[in-house]
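Chain by chain, the residues:
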Amino acid sequence: MASGKRSIWNRLPVVHQLRQSVGLQRGMLVVGLALTGLFILVAVFAPLIAPYGFSQLKDAHGQFGSQQPPSPAHIWGTTVGGYDVFSRVIWGTQTAILVIVVAVILSIFAGVVLGLVSGYFGGWIDRVLVVIADAIYAFPSLLLAIVMAIVISGGQSSLWGGILAAAISITVVYIPQYFRVIRSEVVRIKAEAYVESAKVVGASNGRIMFRHVLRNSTRTLPLIFTLNSSDAILTLAALGFLGFGIEPTAAAEWGYDLNKALSDVTSGIWWTSIYPGLAIVLVVLGITLVGESLNDLADPRLRGRRRAAVASGEVAETSVVPGGPLEAGPGGIDGLEGGESFDEHGIEVRP
């Protein structure tokens, strides 16, 4: 029973990747998972961690004050607008999570469906979709994000206006990545014997596509998901930094806080910029490390090197002596009679 539980536990995605990784690769994955996990926990428990609201300017003792240095009341100081820096950074994790979820879900849904249809049916549909996907690469993601922010909310974004502006721009830019990956897998899988067998027995195209082809063509999606999630955070931060992001009274956003802290840096007021900037760096670093580690672990050459290392260790443990391995004989090497030895040709010599 215990072995069955261990088997199920070992098949979990994160546990499986950790067991598969070795050396530096495992260290990168552990650090990435730790940073990403901390980011998610802070976002979930932000209302409990943050001492103030993201747009709160005063408490029972009065106004917070502008550009106040770190103190017991405000451990990371206050911004030029009078907001508590620590609370803004904590609440900003929720905004970043929402952008990642909305953008990646939309990208995956559109890219997977289009790639599935294009790869399975082929013909003129495939040619048209491939041309469109190639053309989208000509649009810079940040420029598209700015245009979307202006179209959706006139550049003055509410919470959902800013999130949708960043999410839609990321969705349009990254649909071709999901499309290409799924299309190439579908083109390969639809030629497999089990797909041909399903056609012979009369299964419909919809059943074959979604039951047999789709479930076997999405193995690499987690890799793209993690790599694109970090880009989603950077795009949102860039929108806020350029003034097209979310208003401070609608939600906390790290890019906006960095923009307002530009003039503080030259005045020696470091606390208004270093903490939001550090939050962006750590979150992007954590997600990128996870994505790069998963990408490397998907390379069969890495698994081959790991198996070779394990095999070499097994050979070392079973090295032989004249007459057989260390475990040879009824009593192993300790079972040899006293005084026995071997000459250089492996012939037993008795005293």
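Residues numbered from 1 in each chain as written. Predicted model: local features only at pLDDT ≥ 70, side-chain atom pairs only at ≥ 80, totals over all residues. Heavy atoms only, no water.

1. A few points about helix α11 (residues 221–241)
For α11, which comprises 21 residues, the first-to-last C-alpha distance of 30 Å matches the rise-based estimate of 30 Å (1.5 Å per residue) to within 8%. When you tally the buried positions in α11, you get 15 out of 21 residues, the bulk of the element. The positive-phi residue at the C-terminal boundary of α11 is Gly243, with phi of around 95°. (Helix = DSSP H or I, 4+ residues; strand = E, 2+ residues; numbered from the N terminus. Expected span 1.5 Å × (residues − 1). Buried < 20%, exposed > 50% of the residue type's maximum accessible area, 1.4 Å probe, protein only.)

2. Structural notes on the packing of helix α5 (residues 85–121) against α11
Contact geometry for α5 and α11: axes closest at 9 Å, N-to-C directions at 130°. Overall, the two elements α5 and α11 adopt an arrangement that is oblique. For α5 against α11, the interelement crossing comes out right-handed. Each of Thr95, Ala96, Val99, Ile100, Val104, Ile108 and Val112 in α5 lies in contact with α11, whose residues at this interface are Leu221, Phe225, Ser229, Ala232, Ile233 and Leu236. Taken together, the residues of the contact of α5 with α11 sort by class into eleven nonpolar, two polar and no charged. (Axes fitted to C-alpha atoms, helices over the stretch in contact; angles between N-to-C directions. Parallel < 35°, antiparallel > 145°, perpendicular 65-115°, else oblique. Left-handed = near helix turned anticlockwise from the far one by under 90°. Contact = heavy atoms within 4.5 Å. Nonpolar A, V, L, I, M, F, W, Y, C, P; charged D, E, K, R; others polar.)

3. As for the confidence of the model for the chain
Interpreting fine coordinate detail is not advised for predicted regions of low pLDDT. With 75% of its residues at a pLDDT of 70 or more, the chain has an overall mean of 76. When mean pLDDT is compared element by element in the chain, helix α4 (residues 46–49) scores highest at 91, while strand β3 (residues 320–321) scores lowest at 46. In the predicted structure, residues 1–5 sits below a pLDDT of 50 and forms zero contacts with residues beyond four places in sequence or in another chain. The low-confidence segment residues 309–321, where pLDDT is below 50, has six contacts with residues more than four positions distant or belonging to other chains. (pLDDT = per-residue confidence, 0-100.)

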